[in-house]
Amino acid sequence: MSEHERQQLLAALQQKLTDLAGDAAGKESLAQERSCDPLDEAQAELNLNLAVRRLSLDWETRRAILAALERIRSGDYGTCESCGDPIHPKRLEAVPWATLCVACQAVAESQQPPEDPEPETIQ
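Just so it is clear, the model here is predicted, and its values are computed rather than measured.

Draft legend 1. Spatial organisation of the overall build of the protein chain. Along the protein chain, the regular secondary structure elements total 4 helices and 0 strands. The buried share of the protein chain, taken over its 123 residues, is 20%. Here the analysis covers contacts within the protein chain between residues at least 6 apart in sequence; of these, 51% occur between residues at least 24 apart.

Draft legend 2. Structural detail: the nonpolar core. Counting residues in each nonpolar core, the largest one holds 16 residues, and the members touching the most others are L13, L69, I72, Y77 and C80. With residues up to four places along the chain from it excluded, the contact list for C80 reads D85, I87, T99, L100, C101 and C104.

Draft legend 3. Spatial organisation of helix α2 (residues 38–74). Given a rise of 1.5 Å per residue, 37 residues ought to cover 54 Å, and the 54 Å separating the end C-alpha atoms of α2 matches this to within 8%. Listed as buried for α2 are A44, A51, D58, T61, I65, A68, L69, R71 and I72. Directly after α2, the chain includes G75, whose backbone phi takes a positive value near 90 degrees.

Draft legend 4. Highlighting the pattern of salt bridges. According to the stated counting rule, one finds 1 salt bridge in the structure shown. The partner of E70 in a salt bridge is R73, with the nearest N and O atoms 3.5 Å apart. With a gap of 3 residues between them, E70 and R73 both fall in helix α2, about one helical turn apart. Since its relative accessible area comes to 45%, E70 is described here as partly exposed.

Draft legend 5. Representation of the layout of surface pockets within the structure. Space inside the largest pocket adds up to approximately 330 Å³. Lining the largest pocket are 13 residues, with A64, W97, A98, T99 and Q105 sitting closest to its centre. Contributing elements (two or more residues each) for the lining of the largest pocket: α2 and α4 (102–111). Here the lining of the largest pocket is built from residues that sort into 6 nonpolar, 4 polar and 3 charged.

Draft legend 6. Seen up close, the side chain of R91. Tracing the chain through its elements places R91 in helix α3 (residues 89–94). Lacking a salt bridge, the buried R91 has E109 as its closest oppositely charged neighbour, with an N-O distance of 6.3 Å. For R91, the residues in contact, after removing those within four places along its chain, are A98, L100, C101, V102 and Q105.

Conventions and cut-offs
- Residues numbered from 1 in each chain as written.
- Predicted model: local features only at pLDDT ≥ 70, side-chain atom pairs only at ≥ 80, totals over all residues.
- Heavy atoms only, no water.
- Helix = DSSP H or I, 4+ residues; strand = E, 2+ residues; numbered from the N terminus.
- Buried < 20%, exposed > 50% of the residue type's maximum accessible area, 1.4 Å probe, protein only.
- Contact = heavy atoms within 4.5 Å.
- Core = buried A, V, L, I, M, F, W, Y, C linked by side-chain atoms within 4.5 Å.
- Expected span 1.5 Å × (residues − 1).
- Salt bridge = Lys/Arg side-chain N within 4 Å of Asp/Glu carboxyl O.
- 1 Å grid on protein atoms, 1.4 Å probe; cavity = no way out; pocket = protein on both sides within 12 Å on 5 of 7 lines; lining within 4 Å.
- Points joined across faces, edges and corners; volume = space filled by probe spheres on them.
- Nonpolar A, V, L, I, M, F, W, Y, C, P; charged D, E, K, R; others polar.
- Lys, Arg positive; Asp, Glu negative; His and termini not counted.

Spelled out as structure tokens, the structure:
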């Protein structure tokens, strides 16, 4: 990786971190008002769940970006953590914080258990 490419990547990752921080600052409050209407309550619960998931995803993305910045500093950036092969530049362009090559990512995803659906509330 050339110094110019490294600087561009650092700038892109830093911008993504800035964007995430700005998004977090502009998010709606997680505080919810209670309502007597069951439909309003259901909508409020759904909105809360979505907000929590968005924050969780933003936090995970932020951690992945910081880890990518550390891999750049250590010289390990662009190497698959599983097989040790180089990660294709197009993949890194699309997901700069990727730690696995496409093949290893596919294997990892196939071995993950499916997410549990949200438990239904009985009323």
